[in-house]
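Spelled out from the first residue to the last, the chains are:
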Amino acid sequence: MFWDRWLHHMKTTFSFEVDESSADRYRILRRNLIILMAVMTLVPLVLMAAINYYEYRKVLRQELAKPLRNIVNKTKHSFEFFIAERKSAVSFIARAYGYQELADPLRLNHIYRVVRQEFSGFVDLGLINAQGVQVNFVGPYDLKDKDYSDQT
């Protein structure tokens, strides 16, 4: 009797008969497990891809900017040297020759030719008086007697 009841209880408890509600439950369970597994694998993958993308762009931007920064610095120094050299030449001319010598067209033309031989960057050479009038000029343009008094 005890054994009969126990056997009947075991049969009903561990019944392997598949009814419709059990099949639905297993289908739902299977779907939920697949979704959970997909989420558990794809979320870290997408997160790591986003982090890698951000870091790669940051490093790439730095690596592209570094050579450009070096080129800009070298160019800046070249321009500064070029301007300092020209300024030094003009300063030397201003100290070596007086106003009357620079006002003489033949003398300024001679100075211009010598300066052009030594410094290829000079295009013209001119003398402007204190009132802003171009007293003498040597170069490709006709700027003699031009008034610069209204210029800053």
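Scope of this entry: the structure provided in the associated data block. (Residues numbered from 1 in each chain as written. Predicted model: local features only at pLDDT ≥ 70, side-chain atom pairs only at ≥ 80, totals over all residues. Heavy atoms only, no water.)

**Overview of the nonpolar core**
Side chains that are nonpolar tend, in soluble globular proteins, to be buried together. In terms of nonpolar packing, the biggest core is built from eleven residues, these being Ala 89, Ile 93, Leu 102, Leu 108, Ile 111, Tyr 112, Val 115, Phe 122, Leu 125, Leu 127 and Val 138. At the level of secondary structure, the elements contributing two or more residues to this core comprise helix H2 (20-96), helix H4 (105-118) and strand E1 (125-128). It is H4 that contributes the most residues to this core, four residues altogether. Sequence-distant contacts of Leu 102, defined by excluding residues within four places in its chain, comprise Ile 93, Tyr 97, Leu 108, Ile 111, Leu 127 and Asn 136. (Core = buried A, V, L, I, M, F, W, Y, C linked by side-chain atoms within 4.5 Å. Buried < 20%, exposed > 50% of the residue type's maximum accessible area, 1.4 Å probe, protein only. Helix = DSSP H or I, 4+ residues; strand = E, 2+ residues; numbered from the N terminus. Contact = heavy atoms within 4.5 Å.)

**Looking at the side chain of Asn 129**
With respect to the helices and strands, the residue Asn 129 is situated in the loop between E1 and strand E2 (134-138). Polar side-chain contacts of Asn 129 include one of 2.9 Å to the backbone nitrogen of Val 133. Residues in contact with Asn 129, not counting those within four places in the same chain, are Tyr 99 and Val 135. (Polar contact = N/O pair within 3.5 Å; in protein donor to acceptor, adjacent residues only side chain to side chain.)

**Here we look at the environment of Pro 140**
Mapped onto the fold, Pro 140 is located in the segment after E2. Overall, the relative accessible area of 55% leaves Pro 140 in the exposed class. In this structure, the C-alpha to C-alpha distance between Pro 140 and Asp 124, residues 16 residues apart in sequence, is 7.0 Å.

**A word on the packing of aromatic side chains**
Following the criterion strictly, the structure yields one aromatic pair and no others. For the pair Phe 119 and Phe 122, a centre-to-centre distance of 6.1 Å together with 70 degrees between the ring planes defines the contact as edge-to-face. Taking the relative accessible area as the measure of exposure, Phe 119 reaches 23% and is therefore partly exposed. Look at Phe 122 and you get buried, because its relative accessible area is 9%. (Phe/Tyr/Trp six-rings, centres within 6.5 Å; stacked < 30°, edge-to-face > 60°.)

**Topic: the pairing of E2**
The two faces of a sheet get side chains in turn, since along a regular strand they alternate between them. Counting buried positions along E2 yields four of five residues, so the element is predominantly enclosed. Across four bridges, the pairing between E1 and E2 is antiparallel. Note that in E2 the partner of Ile 128 across the bridge is Gln 134. Between E1 and E2, which pair antiparallel and follow one another directly, the connecting turn spans five residues, one of which, Gly 132, has a positive phi of 90 degrees. (Pairing = 2+ DSSP bridges.)

**Some thoughts on the pattern of salt bridges**
Considering all chains together, one arrives at five salt bridges under this definition. Put simply, Glu 101 and Arg 107 hold a salt bridge, and the shortest N to O gap is 3.1 Å. Taking the relative accessible area as the measure of exposure, Arg 107 reaches 32% and is therefore partly exposed. (Salt bridge = Lys/Arg side-chain N within 4 Å of Asp/Glu carboxyl O.)

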